Amino acid sequence: DEVFAADHEGKVTALDALSGKKHWQVDLDVPVSGGVGYGSGLVVLGTIEGEVYALDAENGSLLWTAQVSSEVLASPAANAEIVVVQSIDNRLFALDASTGEELWQHDGDAPILSVRGTSSSVVLDNMVISALDTGKLIAFNPENGSLIWEARLALPKGRTELERMIDIDGSPLLVGDIIYSVSYQGRLGALARGTGRNLWFQDSSSHHSPAHGDGKVFVSEAGGTVRAFQAGSGQVVWSNEQLFLRGLTGPANFAGNVAVADTEGYLHLLDQENGSFVGRIKVDSSGVSAPLLVTGNQLVVQANDGSLSAYKIR
């Protein structure tokens, strides 16, 4: 029912998802670097200084703050029990959702060189699924941080540290009992949620989360190609290379279409069956780099100047 958004200066706003009417707004006056996370009545943000702020989703009042080891670039993930935060030094922190007290942490052994970005975790009642800059996916016990399973999505290749970067900066996508995830200069993979067993892999390179719809997995790749894969086998269904070097966001499954936005400020709709363009609209000349958000039959877009817009198919 609500959309929560923030700007870089720490102004956090709650809007009605249908009308855009402002419900509340608070100014934390802190340099927000991670996106807004939500879970079980908590609105959670991270800052350049490694601070984590938890607000009451009802009125925006500050519930608690916590400190992690370094800058937070991804949205914290939360449920009623824990808040999971990944810092830029490849560490994972689990905080008590009621108090912000640290419950456990995991040190992911940061590589020598990595892309500037981190992934948001998937927080379930019995599992926390996290993706790291080392190209690994790890499932943790949310109560104590013990490892349930660990899987490698990609292996470094090449002779230089630049060529060997295999960061996973997009959040893992959970569909039923299958996890889909893609790394930079690595692979798109499907894994079993319960065991981490590899189901299939395909070469791909992306900084963003994949999307799922109509039995397909969609990826906006680092060079600007949008590609569709069969969700069951990984076979390539179609590829659209007409947005080359446009700096695409991650894809979103929107009303039976694949939506992506670019650094020039355009929102593009592609047909899920064949990848052809079915619509395009200019959002804002400042460009779009934030992930697209689907709420019901609407698509919410935050432009780089902070403005929020909602679109629907007519």
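A short tour of the structure in this document, coming up. (Residues numbered from 1 in each chain as written. Predicted model: local features only at pLDDT ≥ 70, side-chain atom pairs only at ≥ 80, totals over all residues. Heavy atoms only, no water.)

### With respect to the sheet that holds strand β22 (residues 226–230)
Move 1: The strand order across the open sheet formed by four strands is β20-β21-β22-β23, and the pairing between neighbours is antiparallel. Here the strands that pair on one side only, and so sit at the sheet edges, are β20 (211–213) and β23 (236–240). Taken over all neighbouring pairs, the strand axes of this sheet differ in orientation by 20° on average, direction set aside.
Move 2: Two elements, strand β21 (residues 216–220) and β22, share five bridges in a ladder whose sense is antiparallel. The residue of β22 that forms the bridge with Val219 is Arg227. (Pairing = 2+ DSSP bridges. Helix = DSSP H or I, 4+ residues; strand = E, 2+ residues; numbered from the N terminus. Axes fitted to C-alpha atoms, helices over the stretch in contact; angles between N-to-C directions.)

### As for the environment of Val237
Move 1: Positionally, Val237 belongs in strand β23.
Move 2: Once residues lying within four places of it in the same chain are set aside, the contact partners of Val237 are Lys216, Ala228, Phe229, Gln230 and Glu273. (Contact = heavy atoms within 4.5 Å.)

### Some words on the packing of aromatic side chains
Move 1: If you walk through the whole model with that rule in mind, you get five aromatic pairs.
Move 2: Ring geometry for Phe4 versus Trp24: centroids 6.1 Å apart, planes at 35°, classification tilted. Highlighted residues: Phe4 in strand β1 (residues 2–6) and Trp24 in strand β3 (residues 22–27), separated in sequence by 20 residues.
Move 3: Where Phe218 meets Trp238, the ring centres are 6.1 Å apart and the plane angle is 35°; that geometry is what we call tilted. Of this pair, Phe218 sits in strand β21 while Trp238 sits in strand β23; the two residues are 20 residues apart in sequence, bridging distant segments of the chain.
Move 4: Using a relative accessible area of 0% as the deciding quantity, one classes Phe218 as buried.
Move 5: Look at Trp238 and you get buried, because its relative accessible area is 6%.
Move 6: The ring of Phe201 is capped by Arg187, whose NZ or CZ atom sits 3.7 Å from the centre of that ring.
Move 7: Note that Arg280 overlies the ring of Phe277, its terminal NZ or CZ placed 4.7 Å from the centroid. (Phe/Tyr/Trp six-rings, centres within 6.5 Å; stacked < 30°, edge-to-face > 60°. Buried < 20%, exposed > 50% of the residue type's maximum accessible area, 1.4 Å probe, protein only. Lys NZ or Arg CZ within 6 Å of the ring centre and 35° of its normal.)

### A closer look at the pairing of β1
Move 1: Counting buried positions along β1 yields four of five residues, so the element is predominantly enclosed.
Move 2: Two strands pair when backbone bridges link them, and β1 and strand β2 (residues 11–16) are joined in this way by five bridges, in the antiparallel orientation. Across the sheet, Glu2 pairs through a bridge with Asp16, a residue of β2.
Move 3: In this structure, the hairpin formed by β1 and β2 is closed by a connection of four residues, where Gly10 is found at a positive phi of approximately 95°.

### A look at the pattern of salt bridges
Move 1: Summed over the entire model, instances satisfying the criterion amount to nine salt bridges.
Move 2: With its nearest N and O atoms 3.5 Å apart, the salt bridge here joins Lys216 to Glu273. Taken as a pair, Lys216 in strand β21 and Glu273 in the loop between β26 (266–271) and β27 (277–282) lie far apart in primary sequence, 57 residues in all.
Move 3: Connected through salt bridges with shared partners, the residues Asp89, Arg91 and Asp107 form a single ionic network. (Salt bridge = Lys/Arg side-chain N within 4 Å of Asp/Glu carboxyl O.)

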